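This is what each chain is made of:
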Amino acid sequence: MEEVRKHVADKPVRYGVLTHHHSDHVPGAADYAAQGATLVTFRENEDVVRNAVGKGEAQFEFVEHRMSLSDGERTVELYDIGPTPHAEQLLVAYLPKEKILFEADHFPQPRTGPLPPAVPATVAFAEALAELDLDVDRIVGAHSPRIGRLAELKAVVESASAVTTGAP
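First, a word on what this report is: a plain description of the structure on this page. (Residues numbered from 1 in each chain as written. Predicted model: local features only at pLDDT ≥ 70, side-chain atom pairs only at ≥ 80, totals over all residues. Heavy atoms only, no water.)

### Description of the sheet that holds strand 1 (residues 15-17)
Thought 1: Taken together, the three strands give an open sheet; going across it, the order is 1-2-3, and neighbouring strands pair in parallel fashion. Two strands bound the open sheet, and with one partner strand each, they are strand 1 and strand 3 (59-62). Between one strand axis and the next, the sheet turns by 30 degrees as a mean value, whatever way the strands run.
Thought 2: Judged from the three bridges that link them, strand 1 and strand 2 (residues 38-41) form a sheet pairing that is parallel. Across the sheet, residue Y15 finds its bridge partner in strand 2, namely T38.
Thought 3: Most of the contacts of helix 3 (residues 46-53) go to strand 3, to which it runs at about 155 degrees, and overall it touches strand 2 and strand 3. (Pairing = 2+ DSSP bridges. Helix = DSSP H or I, 4+ residues; strand = E, 2+ residues; numbered from the N terminus. Axes fitted to C-alpha atoms, helices over the stretch in contact; angles between N-to-C directions. Contact = heavy atoms within 4.5 Å.)

Here you go:
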């Protein structure tokens, strides 16, 4: 929360978005709830998130397929791209004006070096993005400071496809 305050000290933190139910993605729920922020997740994840919040009070909004949040200047669009091989429900966040997409656990981007080959979750992520037809320029992941590009995602998926089909 301290890092958030460095960047938006003059604005209230109104929402905390939890991408999915895995244990490395829900611990911050307690901090957001303590700030009075509404926790945005799936109804199916409510018990897991309430456990992460502990004894504190929590307000929830549940995403069914898509949700938009806006302060009048900036809009964040949330999409459920699940089920995937990684999680039954999975939220991605898209900033349309900035053309930035945030994802968790589907497009591994190591800090340095080449991108790893696509795994089934990466392929599912790429297919979901193609179906959503969003104008994505940059892809930010939950576990790395590296920023990816849509062309890189397509390249790793195409490479994996070539390996499995035997195409040159």
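Structure's up, so let's keep going.
### With respect to helix 3
Since there are 3.6 residues in each turn of an α-helix, residues three or four apart along the chain are aligned in direction.
Thought 1: Among all positions of helix 3, only E46, V49 and V53 are buried. The arc enclosing the buried residues of helix 3, seen along the axis, measures out at 70 degrees, which places them on a common side. In this structure, helix 3 carries D47 and N51 as exposed residues pointing more than 90 degrees from its buried face.
Thought 2: Buried residues belonging to helix 3 abut helix 2 (29-34), strand 2 and strand 3.
Thought 3: Just downstream of helix 3, G54 is the residue with a positive phi angle, here 80 degrees. (Buried < 20%, exposed > 50% of the residue type's maximum accessible area, 1.4 Å probe, protein only. Arc of directions from axis to C-beta.)

### Topic: helix 4 (residues 120-132)
Thought 1: Spanning 13 residues, helix 4 covers 18 Å between terminal C-alpha atoms, matching the ideal 18 Å at 1.5 Å per step.
Thought 2: Along helix 4, the positions that sit buried rather than exposed are A121, T122, A124, F125, A126, A128 and L129.
Thought 3: The positive-phi residue at the C-terminal boundary of helix 4 is D133, with phi of around 55 degrees. (Expected span 1.5 Å × (residues − 1).)

### Focus on the sheet that holds strand 4 (residues 66-70)
Thought 1: Spatial strand order, 4-5-6-7-8-9: six strands in an open sheet with mixed pairing. Looking at strand neighbours, the two that pair on one side only are strand 4 and strand 9 (147-149), the edges of this open sheet. Between one strand axis and the next, the sheet turns through 25 degrees on average, direction left out of account.
Thought 2: Judged from the five bridges that link them, strand 4 and strand 5 (residues 75-80) form a sheet pairing that is antiparallel. Bridge pairing in strand 5 links S70 to T75.

### Quick word on the pattern of salt bridges
Thought 1: Inspection of every chain in the model, using the stated rule, returns seven salt bridges.
Thought 2: Between D71 and K11 there is a salt bridge; the shortest N-O distance is 3.1 Å. Here D71, found in the loop between strand 4 and strand 5, pairs with K11, found in the loop between helix 1 (2-7) and strand 1; they are 60 residues apart in sequence, far enough to count as distant.
Thought 3: Since its relative accessible area comes to 38%, D71 is described here as partly exposed. (Salt bridge = Lys/Arg side-chain N within 4 Å of Asp/Glu carboxyl O.)

### Here we look at the environment of V48
Thought 1: Among the secondary structure elements, V48 is positioned in helix 3.
Thought 2: When the C-alpha atoms of V48 and A9 are compared, they prove to be 29 Å apart, with 39 residues separating the residues in sequence.
Thought 3: If sequence neighbours within four positions are ignored, V48 has contacts with H21 and V26.

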